[in-house]
Amino acid sequence: MRMRMSTSAFTATAICLGLGAFGLGTAVPAAAAPTASTGSVAGYAGSAEEATANRAFFEAVLKSAAEKRAANPKAAAAVTVVYDASGAPRFSAQIARSTEIWNSSVSNVKLQAGSNADFTYREGNDPRGSYASTDGHGNGYIFLDYQQNEEYDSTRVTAHETGHVLGLPDHYEGPCSELMSGGGPGPSCTNAVPDANERARVDRLWANGIAAALDKALHKSVG
């Protein structure tokens, strides 16, 4: 999710995950340089580079969850994605609320705090703002930027970035009712709940996407 800040601030980049033709996902690699702010709230359409990075992060999370599932094939129908929020203590309440929102919104994947995490949360200052990132080696994290979370609704930012973990891409031109519209509607938008289309997309993704990932995980465990 990229949020356009005011003219006196920086442009915050929140990375969105995408898979195939998914619409939320533009991801900015961790090494990307910050972009000068234009003062425009909307108008950011994403890039192929961001989409590739978002896809890589989502696939890393999916693969990690699938390998655990392969080791315990009798687990419940819903896929459990485990996160570690210890690296973002200032946002513990927002992370807990984001988890509650997503777990009550979708059926085929559930978020759960715990060890041996599939992804982590981190906090700090970054001119790119909040984003989801992967190192390309199966390690993913959500970074929550202090300044961005002061200007924008912090729970919305957290839930939006977590939406990337679940496979949703950015859709900046969308209304405030779309969680993945990110900073497009401006700082006044406080909606932190995915709409019906976003919820359905996540459920479809995890119902179908896990099968292919499980095949890879099972092959790895045999080979």
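Residues numbered from 1 in each chain as written. Predicted model: local features only at pLDDT ≥ 70, side-chain atom pairs only at ≥ 80, totals over all residues. Heavy atoms only, no water.

1. Focus: the overall build of the protein chain
Right, so step 1: Of regular secondary structure, the protein chain possesses five helices and seven strands.
Right, so step 2: The N-to-C order of helical and strand elements in the protein chain reads β-β-α-β-α-β-β-β-β-α-α-α.
Right, so step 3: Taken across its 223 residues, the protein chain has 51% of its residues classed as buried.
Right, so step 4: In the protein chain, once contacts between residues fewer than 6 apart in sequence are set aside, the share between residues at least 24 apart is 68%.
Right, so step 5: Here the protein chain has roughly 9500 Å² of accessible surface; of this, 53% comes from carbon and sulfur atoms. (Helix = DSSP H or I, 4+ residues; strand = E, 2+ residues; numbered from the N terminus. Buried < 20%, exposed > 50% of the residue type's maximum accessible area, 1.4 Å probe, protein only. Contact = heavy atoms within 4.5 Å. Areas by Shrake-Rupley, 256 points an atom, 1.4 Å probe, with all protein chains shown as cover.)

2. A look at the packing of helix H2 (residues 92–105) against helix H4 (residues 154–165)
Right, so step 1: Where H2 meets H4, the axes come as close as 9 Å, and the angle between the chain directions of the two elements is 55 degrees. The angle between H2 and H4 places the two elements in the oblique class. Helix-helix and strand crossings are classified by hand; for H2 and H4 the assignment is right-handed. Across the interface between the two elements, Gln94, Ile95, Arg97, Ser98, Ile101 and Trp102 from H2 touch Ser154, Thr155, Thr158, Ala159, Thr162 and Gly163 from H4. (Axes fitted to C-alpha atoms, helices over the stretch in contact; angles between N-to-C directions. Parallel < 35°, antiparallel > 145°, perpendicular 65-115°, else oblique. Left-handed = near helix turned anticlockwise from the far one by under 90°.)

3. Focus: the sheet that holds strand E6 (residues 131–134)
Right, so step 1: Within the open sheet, the five strands sit side by side as E4-E3-E5-E7-E6. Their pairing is mixed. The outermost strands of the open sheet, each flanked by one partner alone, are strand E4 (109–113) and E6. In this sheet, adjacent strand axes meet at a mean angle of 30 degrees when their direction is disregarded.
Right, so step 2: Direction of pairing for strand E3 (residues 79–87) relative to strand E5 (residues 119–124): parallel, over a ladder of three bridges. From the neighbouring strand, tyrosine 83 faces E5, where its bridge partner is phenylalanine 119. (Pairing = 2+ DSSP bridges.)

4. Looking at H4
Right, so step 1: Under the 1.5 Å per step criterion, the end-to-end length of H4 is 17 Å for twelve residues, consistent within 8% with the ideal 16 Å.
Right, so step 2: Buried residues dominate H4, accounting for twelve of its twelve residues.
Right, so step 3: If you check which residues of H4 are buried, you get Ser154, Thr155, Arg156, Val157, Thr158, Ala159, His160, Glu161, Thr162, Gly163, His164 and Val165.
Right, so step 4: If you check the start of H4, you find a side-chain oxygen 3.4 Å away from the backbone N of threonine 155, and it comes from aspartate 153.
Right, so step 5: Where H4 terminates, the next one or two residues include glycine 167, which has phi positive at roughly 110 degrees. (Expected span 1.5 Å × (residues − 1). Polar contact = N/O pair within 3.5 Å; in protein donor to acceptor, adjacent residues only side chain to side chain.)

5. Considerations on the environment of phenylalanine 119
Right, so step 1: Take phenylalanine 119: it is sitting in strand E5.
Right, so step 2: Overall, the relative accessible area of 1% leaves phenylalanine 119 in the buried class.
Right, so step 3: C-alpha separation for the pair phenylalanine 119 and valine 81, spaced 38 residues apart in sequence, amounts to 8.2 Å.
Right, so step 4: Sequence-distant contacts of phenylalanine 119, defined by excluding residues within four places in its chain, comprise Phe57, Val61, Val81, Val82, Tyr83, Asp84, Leu111, Gly140, Ile142 and Val165.

6. Details of the confidence of the model for the protein chain
Right, so step 1: Overall, the prediction assigns the protein chain a mean pLDDT of 74, with 65% of residues at 70 or greater.
Right, so step 2: For the protein chain, strand E2 (residues 12–13) is the element with the lowest average pLDDT, namely 30, and H2 is the one with the highest, namely 98.
Right, so step 3: A low-confidence stretch, residues 3–45 stays under pLDDT 50, and its non-local contacts, those more than four residues away or across chains, total 175 contacts. (pLDDT = per-residue confidence, 0-100.)

7. Considering the state of the cysteines
Structurally, a disulfide amounts to a covalent bond that connects the sulfur atoms of two cysteines.
Right, so step 1: Evaluation of the coordinates by the stated rule reveals one disulfide.
Right, so step 2: Linked covalently through their sulfurs, cysteine 176 and cysteine 189 form a disulfide whose S-S length is 2.0 Å. When the S-S torsion is 85 degrees, as for the bridge of cysteine 176 with cysteine 189, the disulfide is right-handed. Of this pair, cysteine 176 sits in the loop between H4 and helix H5 (196–222) while cysteine 189 sits in the loop between H4 and H5, and the two are 13 residues apart along the sequence. (Disulfide = S-S within 2.5 Å.)

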